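As a plain string of letters, each chain reads:
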Amino acid sequence: MNDLLDLAIKNIFRQKTRTTLTIVGILIGISAVVALGSISEGMKSMMNEEMQFLGGTIVVSSQGSSGLMTGGIGSEITKYDLANFESFSGVKQVIPYVMRIGEIQIGQGHPVQIIGIRTEDVDYFKSRGTDLDSGRILETGDTYQALIGYKYAEDNDLEIGDSIEVKKNSFEVVGIIEKTDAGMDNSIILPLETMMDTYNTENYQSVFIIPEDLSKIQDLADDLTSSFDDFDFTTSNDIVKQMSRIVDMISIFTIGISSIAAIVGGLGVMNTMIMSVLERKREIGIMKAIGATNKFVLTQILVESVMISLIGGILGLLIGGVGSYSLRFISSGLTSARVTINLAIGSLSFAVFLGLFGGLYPAWSASKLNPIEAIRYE
Amino acid sequence: MSEIIELKNIEKIYNQGKSNELKVLLDINLKIERGEMVAIFGPSGSGKSTLLHIMGCLDKPTRGKVYIEGKDTSKLFDDSLARIRREKIGFVFQQFNLINVFTALENVEMPMRIAGWSKSKTRERAVELLKSVGLGERLNHFPNQLSGGEMQRVAIARALANKPSIILADEPTGNLDTKTGAGIIELIKDLNKKDFTFVIITHDPRIAESAGKKINIKDGKISR
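Model, not experiment: these values are computed from the prediction.

1. What about the overall build of chain B?
Each helix and strand in chain B was counted, giving seven helices and ten strands. Against the compact-globule benchmark of 17 Å for 224 residues, chain B has a radius of gyration of 17 Å, which places it among compact chains. Dimensions along the principal axes, computed over C-alpha positions, put chain B at roughly 50 × 40 × 40 Å. Counting the 224 residues in chain B, one finds 46% classified as buried. For chain B, the share of sequence-separated contacts (at least 6 apart) that also reach a separation of at least 24 residues comes to 71%.

2. Remarks on the interface of chain B and chain A
The partner chain A presents 17 residues to the 20 residues of chain B that form the contact. Counting residues per element, the ones that place at least two in the side of chain B that touches chain A are helix H2 (78-88) and helix H3 (104-114) of chain B. For the side of chain B that touches chain A, the element with the most residues is H2(B), which contributes six residues. Residue composition of the side of chain B that touches chain A, by class: nine nonpolar, two polar and nine charged.

3. Observations concerning the sheet that holds strand S4 (residues 63-68) of chain B
Residues and elements named next belong to chain B. Taken together, the four strands give an open sheet; going across it, the order is S2-S1-S4-S5, and neighbouring strands pair in antiparallel fashion. The sheet is open, and its two borders are formed by strand S2 (22-33) and strand S5 (71-72), each paired with just one other strand. Most of the contacts of helix H1 (residues 48-55) go to strand S1 (residues 3-14), to which it runs at about 130°, and overall it touches S1, S2 and S4.

4. Quick word on the pairing of S4(B)
Residue and element names in this part refer to chain B. In the sheet, S1 pairs with S4 via five bridges, with the strands oriented antiparallel. In the sheet register, Lys 8 faces S4, and the bridge partner there is Lys 65. Judged from the two bridges that link them, S4 and S5 form a sheet pairing that is antiparallel. Across the sheet, the residue bridging to Tyr 67 is Asp 72, located in S5. From the end of S4 to the start of S5, which pair antiparallel, there are two residues, and Glu 69 there has a positive phi angle of about 45°.

5. Some words on the nonpolar core
Within the largest apolar cluster, 160 residues are counted, with the highest numbers of intra-cluster contacts made by Ile188(A), Ile40(B) and Val199(B). Look past the residues within four positions of Val199(B) in its chain and what remains in contact with it is Ile32(B), Val38(B), Ile40(B), Leu52(B), Met55(B), Ile166(B) and Leu168(B).

6. Examining the confidence of the model for chain B
A low pLDDT means the predicted coordinates there should not be read in detail. In the predicted model, chain B carries a mean pLDDT of 92, and the fraction of residues at 70 or more is 99%. Interface confidence for the predicted complex, given as ipTM, is 0.93, next to a pTM of 0.74.

7. Describing the sheet that holds strand S10 (residues 221-223) of chain B
Residue and element names in this part refer to chain B. Read across the sheet, six strands follow the order S6-S7-S8-S3-S9-S10 without closing on themselves; strand pairing throughout is mixed. Each of the sheet's edge strands pairs with one partner strand only, and the pair in question is strand S6 (89-92) and S10. Each strand of the sheet is rotated relative to its neighbour by a mean of 25°, with strand direction disregarded. Across four bridges, the pairing between strand S3 (residues 37-41) and strand S8 (residues 197-201) is parallel.

8. Some thoughts on the packing of helix H5 (residues 148-160) of chain B against helix H6 (residues 178-193) of chain B
Residues and elements named next belong to chain B. It is the contact of H5 with H6, at a shortest axis distance of 9 Å, that shows an interaxial angle of 20°. The orientation of H5 relative to H6 falls into the category roughly parallel. Along this stretch, H5 crosses H6, giving a crossing that reads as right-handed. Of the residues in H6, those in contact with Gly 148, Gly 149, Gln 152, Arg 153 and Ile 156 of H5 are Thr 180, Gly 183, Ile 184 and Leu 187.

9. Thoughts on the environment of Val339(A)
Residues and elements named next belong to chain A. As for its position among the elements, Val 339 is in the loop between helix H10 (294-330) and helix H11 (341-367). Judged by local crowding, Val 339 falls into the buried class, with 22 C-beta atoms found within 10 Å. Counting along the chain gives 319 residues from Val 339 to Thr 20, while the straight-line C-alpha distance between them is 25 Å. Beyond its immediate sequence surroundings of up to four residues, Val 339 is in contact with Val 34, Ser 38, Gly 321, Ser 324 and Ala 344.

10. Regarding the packing of H10(A) against H11(A)
Residues and elements named next belong to chain A. H11 packs onto H10 with a crossing angle of 150° between their chain directions and a minimal axis gap of 7 Å. Looking at the two axes, H10 sits roughly antiparallel to H11. Crossing of H10 against H11: the hand is right-handed. Per-class residue counts for the contact of H10 with H11 are 18 nonpolar, eleven polar and no charged.

11. What about the environment of Ser74(B)?
Residue and element names in this part refer to chain B. With respect to the secondary-structure elements, Ser 74 resides in the loop between S5 and H2. Residue Ser 74 is classed as exposed on the basis of its 12 C-beta neighbours within 10 Å. Sequence separation between Ser 74 and Ala 211 is 137 residues, and the spatial gap between their C-alpha atoms is 29 Å. If sequence neighbours within four positions are ignored, Ser 74 has contacts with Lys 65 and Val 66.

Calculation notes
- Residues numbered from 1 in each chain as written.
- Chains lettered and ligands numbered in written order.
- Predicted model: local features only at pLDDT ≥ 70, side-chain atom pairs only at ≥ 80, totals over all residues.
- Helix = DSSP H or I, 4+ residues; strand = E, 2+ residues; numbered from the N terminus.
- Rg over C-alpha atoms; globule rule 2.2 N^0.38 Å.
- Buried ≥ 20, exposed ≤ 12 C-beta atoms within 10 Å, placed from the backbone.
- Contact = placed C-beta atoms within 7 Å.
- Nonpolar A, V, L, I, M, F, W, Y, C, P; charged D, E, K, R; others polar.
- Pairing = 2+ DSSP bridges.
- Axes fitted to C-alpha atoms, helices over the stretch in contact; angles between N-to-C directions.
- Core = buried A, V, L, I, M, F, W, Y, C linked by C-beta atoms within 7 Å.
- pLDDT = per-residue confidence, 0-100.
- Parallel < 35°, antiparallel > 145°, perpendicular 65-115°, else oblique.
- Left-handed = near helix turned anticlockwise from the far one by under 90°.

Written out as structure tokens, the structure is:
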């Protein structure tokens, strides 16, 4: 096998230009698979982070704004509605919040999300696995105090004790939330009352409802739906389903498109190997005459095509990884594209598969050559 | 003396049963014994090369049996025949049939690499073989940097690589001038003295002279 590899390297670089172009063909396909695949991988992990956060809750939104994805713009939940939810049988806790997208400031490409929650509810988020990087959480009595996301702190060079300005009001940073790789990283969290004053609103964006019995979450959501006409009650299960359907569609779309590019690369490998076998017909005849078995010839051609394709795959993985990183950089962290181990292994296996796919026919036809005829071939 | 190759009732017919049927060999019976030097001659188209290919398991007869060191090869598959070629038989061709992109050394190494020998052992033996055919100074030359005689010496070294029981040569001096051919003939005679068995297709009277046995093929039959 060692000898085969050695020979294969020698053989594939006999036609340097052709081999290089074939490798580039695979490289383009695989780097597209990696770069685009990393987007959906990133979305999946972002989704998991968000879900960990939402697990076991019912999300209330006013009808027409469908849940999380729209951020509930224009939705109206009043204090009165909140009290009704709170007294509903089977409800353990309600957590209202207000969310606004911050003004885009000059010199910063990405808007921050500003979230107002009651100080007593901060513990709830903490129990959901979101912890602080430094400082303290919001406490009862806090008014012009704020928690900020990891990325927001980093981008604006903020530390505990610094002050930030929201709508001309100044807030003291008391805590920085640890890195989550989700939307939380680019957030400001304010005490709800202050936030509502600041934005001059009486109503909540949305409410999380926590059921008394987690196993009956769906029943509770159904009961709520039939009791309140004006609101949608979405369980985290629904959201997970909804979101994973979207993410799956995006994955299929992106991987599908890039796979087509890679398969075209595989056809390039096939073309190259067919040419190579044709050019080396006489030589293959000689090899067989001096004792090479059909299997030896078959393996040799296959090793060559897999090698071409694997070189393309490895380079494609590197370039796709760089592409994925720059995508993340360009979008300032909004798409958390990431090249996971699975994606790396998957794309390399795909490259090997393409090599086998492209090499099988030429290898088979080379192995079946009649040595006497092949030797006479000029 | 033991038999290396035995042919029994060999027939070779191309396009059998069709209008362009061509009977190349008819009822050939032949024994080649260890240490012999056999010359096969005959007019072109008489079936000499086909006979040599059948002896070397490179081609299969239409009828009849080929025994290599007593073993019947008629029921063997391609890969087993390839293994027999690798282990028992060395080929030398009129056109040399070296691989142009490989050096002399690499060409000689090829049969050993196919057989799966270790790299160091392969290299060592290839160098030794090339030295023994007088090409110790030409190891890293490519075929197009070698003269015809030198190429044929490389081909002979390659044929010897796996220590074959027999060397089958198809007009080894056919493409060489008289003087160069004489050198190759001397080499073959030397090797024969060292107990290598040769079957040589030739028009060259000098080879026929030194051969212990002469076989004349005419119209697909052995004529004496």
